[in-house]
Amino acid sequence: MNQLITITQNENNDQVVSGRELHEFLGVKDHYTDWFKDMCKYGFTENIDFITLNELSEKTEGSRLVKRNIINHAIKLDMAKEISMIQRNEKGKQARQYFIEVEKEHKQQLLPQTPEQQIALLAQGNVNLNKKVEQIENSVLDLTDRFGLPSNKAKVLQKKVASKVYMFTGGKYSNAHKKLGAKVFREFYKDLNNRFDVVKYSDIPLSRYDEATEYLDMWQPSFNTTLEIRGLNSQTSFDFEA
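In short, a report on the structure. For every chain, the first residue of the written sequence is number 1, and numbering continues from 1 onward in sequence order. Only residues with pLDDT of at least 70 get local features here, since the model is predicted, and only at 80 or more are side-chain atom pairs given and counted; chain-wide, interface and lining totals rely on the full set of residues. As a rule here, side-chain values come from all non-hydrogen atoms in the structure, and water together with hydrogens is ignored.

## Here we look at the packing of aromatic side chains
Put simply, the rule reads: Pairing of aromatic side chains here covers Phe, Tyr and the six-membered ring of Trp, requires ring centres within 6.5 Å, and sorts the geometry by plane angle: under 30 degrees stacked, over 60 edge-to-face, intermediate tilted. The secondary structure listing takes helices from DSSP runs of H or I that are at least 4 residues long and strands from runs of E that are at least 2 residues long, numbered from the N terminus. Accessibility here uses a 1.4 Å probe with only protein chains present; expressed as a share of the type maximum, an area under 20% marks a residue as buried, one over 50% as exposed, and anything in between as partly exposed. Lysine and arginine charges are scored as sitting over a ring when NZ or CZ, respectively, is within 6 Å of the ring centre and within 35 degrees of the ring normal.
Per the stated rule, a full pass over the model turns up nine aromatic pairs. Seen from their ring centres, Y32 and W35 are 6.0 Å apart, and the 45° between their planes marks the pair as tilted. Of this pair, Y32 and W35 both sit in helix α2 (residues 32–40), three residues apart, which is roughly one turn of the helix. Owing to a relative accessible area of 2%, W35 belongs among the buried residues under this scheme. Their ring planes at 90° and their centres at 6.3 Å tell us that F196 and Y215 sit as a pair that is edge-to-face. Highlighted residues: F196 in helix α7 (residues 175–196) and Y215 in helix α8 (residues 209–218), separated in sequence by 19 residues. Both residues of the pair, F196 and Y215, count as buried. One aromatic cluster is present, built from ring pairs that chain together F168, F188, Y189, Y201 and W219. The positively charged end of K91 is found above the aromatic ring belonging to F25, 4.2 Å away from the centroid. One residue, R195, lies across the ring of F196, its end atom 5.7 Å from the ring centre.

What follows is the structure, given as structure tokens:
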């Protein structure tokens, strides 16, 4: 396809044309700045449909080179198509059809042409999707960590603690549990809170829940508390035998 009007890409990868070049191609008799102001009355917005450019123009007048600053505009292709249609003449129709064909070719170039390119595009799409999923998962994990353990996890941990304390004290109805059960509970939760640097165990981050349950499996009462438990339970056994 022959190039009727120069089309370039801006920093945002938008296809744009020179307002002055389009003006010249369309054969508009009005002065460029007056014509462009009239075109903008059709609802075009600066920095959205076009940007204003200050350019240096060089022309030979007689035997000397004259330089002066002129106003030009970088016009997006959609605006250029509408302006061309507004002219309602053969040149305008020709320019509009040219812009449409350029857009079609550009879109076709962006599509994968070979099976290998299509596979690569799909693979890249999967990579991008996995990254987004990972970002969402990390965001969710960060959010849940801020609020500590959910109620169901906290209850599971609480039941595990109770079973552990009953085991250490010799059962729920043992003499040691009756007298020292509350102390053992306090001792465990104090150790747990210190280990995970929280005010209360329910503040433990969800991401460290498994670590907390492992800590519970390994935890034991202090040496002195263990001696007290043994003493109370052995005393009960002795009283029963007597």
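Back to the text.
## Focus: α7
Applied cut-off: Multiplying 1.5 Å by the helix residue count minus one yields the expected span of that helix. One fitted axis covers the seven residues ending at a residue, a second covers the seven starting there, and the bend at that residue is the angle between these axes.
In this model, α7 (22 residues) spans 32 Å end to end at C-alpha, consistent with the 32 Å of a helix rising 1.5 Å per residue. In the structure, α7 departs most strongly from a straight axis at G181, where the bend amounts to approximately 60°. Turning to α7, its buried residues are N175, A176, H177, L180, G181, V184, E187, F188, Y189, L192, N193 and F196. Where α7 ends, the next residue or the one after it, D197, has phi of about 55°, a positive value.

## Looking at the environment of S57
The criterion, for reference: A contact between two residues is defined here by any heavy atoms of the two lying within 4.5 Å.
Its place among the elements puts S57 in strand β3 (residues 50–61). Exposure remark for S57: the relative accessible area of 12% places this residue in the buried category. In sequence terms S57 and N69 are twelve residues apart; their C-alpha atoms lie 6.0 Å from each other. Setting aside its immediate chain neighbours within four residues, S57 contacts V66, K67, R68 and I70.

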